[in-house]
Amino acid sequence: MQLVILCKDRGHIGQFSAGKAWCLLGFAVVTVCALTFYAGFRAAGAFGAYSPEARVAELQAGLAEQRDVLATTRTDLNQNLDALALRLGQMNAHVVRIDALGARLTQMAGLSDGEFDFSVDPSLGGPEAPVSGAGGNSLAALVETLDLLDLQVADRSRQLLVLEDLLLN
């Protein structure tokens, strides 16, 4: 076997003559390298070091698990939000009863509405017109309602204490 090598930058032709022994040796080296590569590839797949199908299946299983966790978390959050909304409704009903009691006590004491007006919301600081916030965010709306209810309870409590002092004196 004779190999002809053309060198571009020098402009001359080189020749290499190989006998049967060199050809067999080259073929053996190429075959051993190819078999080694293939054996390594198969071993890596067998030990899980490289298996695209297994990796994709693993990632899909992880994604499905994360979807389940997200669904469970979303369900728990909705249940907690519903429980908070129920408790908020109960607290609001108590505030309405306190308002009715305060109005009745004011009427029984013969006091004018002035300071003891249980029908209006307590004063809030800040801008005159409410700033439009999140709107569709039910959690933010719930927190805002809880804050307003807290202000109402504090205001009604203060008014009832003053009314109690007036009635006892």
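Only a predicted model underlies this, so the values are computations on that prediction, with no experimental measurement involved.

A. Region of the structure containing the overall build of the chain. On a plain count of helices and strands, the chain comes out with 3 helices and 2 strands. What you see in the chain, going N to C, is helices and strands ordered as β-β-α-α-α. A total of 169 residues make up the chain; the buried ones form 9% of that total. Put simply, 64% of the contacts in the chain that link residues at least 6 apart link residues at least 24 apart.

B. View of helix α2 (residues 52–109). With 58 residues, α2 extends 84 Å between its outermost C-alpha atoms, agreeing within 8% with the 86 Å of an ideal straight helix rising 1.5 Å per residue. All of the buried residues along α2 are Leu88, Val95, Asp99, Gly102 and Thr106. On its buried side, α2 packs onto α3 (138–168). Downstream of α2 by one or two residues, Gly110 has phi in the positive range, about 75°.

C. Structural view of the pattern of salt bridges. Scanning the model with the defined rule gives 3 salt bridges in all. When the shortest N-O distance is used, the salt bridge between Asp99 and Arg156 registers 2.3 Å. Of the two residues, Asp99 sits in helix α2 while Arg156 sits in helix α3, which places them 57 residues apart along the sequence. Exposure remark for Asp99: the relative accessible area of 16% places this residue in the buried category. Asp155 is the salt-bridge partner of Arg156, the closest N and O atoms lying 3.0 Å from each other. Of the two residues, Arg156 and Asp155, both sit in the buried class.

Rules used throughout
Residues numbered from 1 in each chain as written. Predicted model: local features only at pLDDT ≥ 70, side-chain atom pairs only at ≥ 80, totals over all residues. Heavy atoms only, no water. Helix = DSSP H or I, 4+ residues; strand = E, 2+ residues; numbered from the N terminus. Buried < 20%, exposed > 50% of the residue type's maximum accessible area, 1.4 Å probe, protein only. Contact = heavy atoms within 4.5 Å. Expected span 1.5 Å × (residues − 1). Salt bridge = Lys/Arg side-chain N within 4 Å of Asp/Glu carboxyl O.

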